[in-house]
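# Coordinate analysis (summary)
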Amino acid sequence: MNGCSFTFAGLQLEAVRSGALWWEAEGLLCVSDLHLGKSERMARRGGPMLPPYEVRDTLIRLEDDLTATAAQTVICLGDSFDDLAAAGALSDEMTAWLATLMAGRRWIWIEGNHDAGPVDLGGTHLSSFRAGPLSFRHIAEPGEKYEISGHYHPKAKVPTRARHVTRPCFLIDEMRVIMPAYGTYTGGLHSHDAALAGLMGPGATAILLSDPPVRVPMPR
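Residues numbered from 1 in each chain as written. Predicted model: local features only at pLDDT ≥ 70, side-chain atom pairs only at ≥ 80, totals over all residues. Heavy atoms only, no water.

### Things to note about the packing of helix H2 (residues 54-69) against helix H4 (residues 92-102)
Packing of H2 against H4 brings their axes to within 11 Å, and their N-to-C directions diverge by 15 degrees. Between H2 and H4, the angle is such that the two are roughly parallel. Read as a crossing pair, H2 and H4 show a hand that is left-handed. Mapping the contact onto sequence places Val55, Arg56, Leu59, Ile60, Leu62, Glu63 and Leu66 in H2 and Glu93, Met94, Trp97, Leu98 and Leu101 in H4. Considering only residue class, the contact of H2 with H4 consists of nine nonpolar, no polar and three charged. (Axes fitted to C-alpha atoms, helices over the stretch in contact; angles between N-to-C directions. Helix = DSSP H or I, 4+ residues; strand = E, 2+ residues; numbered from the N terminus. Parallel < 35°, antiparallel > 145°, perpendicular 65-115°, else oblique. Left-handed = near helix turned anticlockwise from the far one by under 90°. Contact = heavy atoms within 4.5 Å. Nonpolar A, V, L, I, M, F, W, Y, C, P; charged D, E, K, R; others polar.)

See the structure below:
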């Protein structure tokens, strides 16, 4: 795996370059905000026409992560589809591909604010999930302890010798991890935004999705 290991809640976790979170001791892979079907949803609502390849691209990366880890449990942390109509509009080919990825694994869909969970696709559908000391949910809740969440699509802007570089990132402090969006057609919220700055503690760090991933103090 091409990732950056870190300790959280006394556990060894890995932030993968793709944006996935890997918990090797439990065989658990977590991804957030796939937003599958975003191009279909935007076209349906009269928005800009985007190349309709984001589902394929996202599933290619997910399949690569599942092959590399042999994960037995997969948690999708909400907003797996851009909305429920986008889930219904998934092509037969993409639906079959997703079913193949799910086969033989414990697959948990966490409810997001864009979708209530793609019920027709099987798996387990929950508002939140707990494994060991960790709680998994879509949107971070202030005061929660050892929480893994998504929703904000965090990204960080850092200076280099030549210029500033912006990358999607994990945000980590003693109490929470906020994951980057995994989907291909997803934007991001800067780590210095008040919504994120207010959630993360003063010693928070960011793991930038680069090759390899790089951990830096959280830009504020």
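### As for the pattern of salt bridges
In the structure shown here, the tally under the stated rule is seven salt bridges. For Asp211, the salt bridge is made with Arg17, and the minimal N-O distance between the two is 3.6 Å. One end of the pair, Asp211, is in the loop between strand S15 (205-208) and strand S16 (214-217); the other, Arg17, is in the loop between strand S2 (11-16) and strand S3 (21-23), with 194 residues separating them in the sequence. Accessibility expressed as a relative area gives 43% for Arg17, which makes it partly exposed. A salt bridge links Arg56 to Glu93, with the nearest nitrogen and oxygen atoms 3.1 Å apart. Linking Arg56 in helix H2 with Glu93 in helix H4, this pair joins segments that are 37 residues apart in sequence. Taking relative accessible area as the criterion, Glu93 reaches 48% and is therefore assigned partly exposed. Each member of the salt-bridge network shares a partner with another, and the members are Arg137, Glu141, Glu144, Glu147 and Arg176. (Salt bridge = Lys/Arg side-chain N within 4 Å of Asp/Glu carboxyl O. Buried < 20%, exposed > 50% of the residue type's maximum accessible area, 1.4 Å probe, protein only.)

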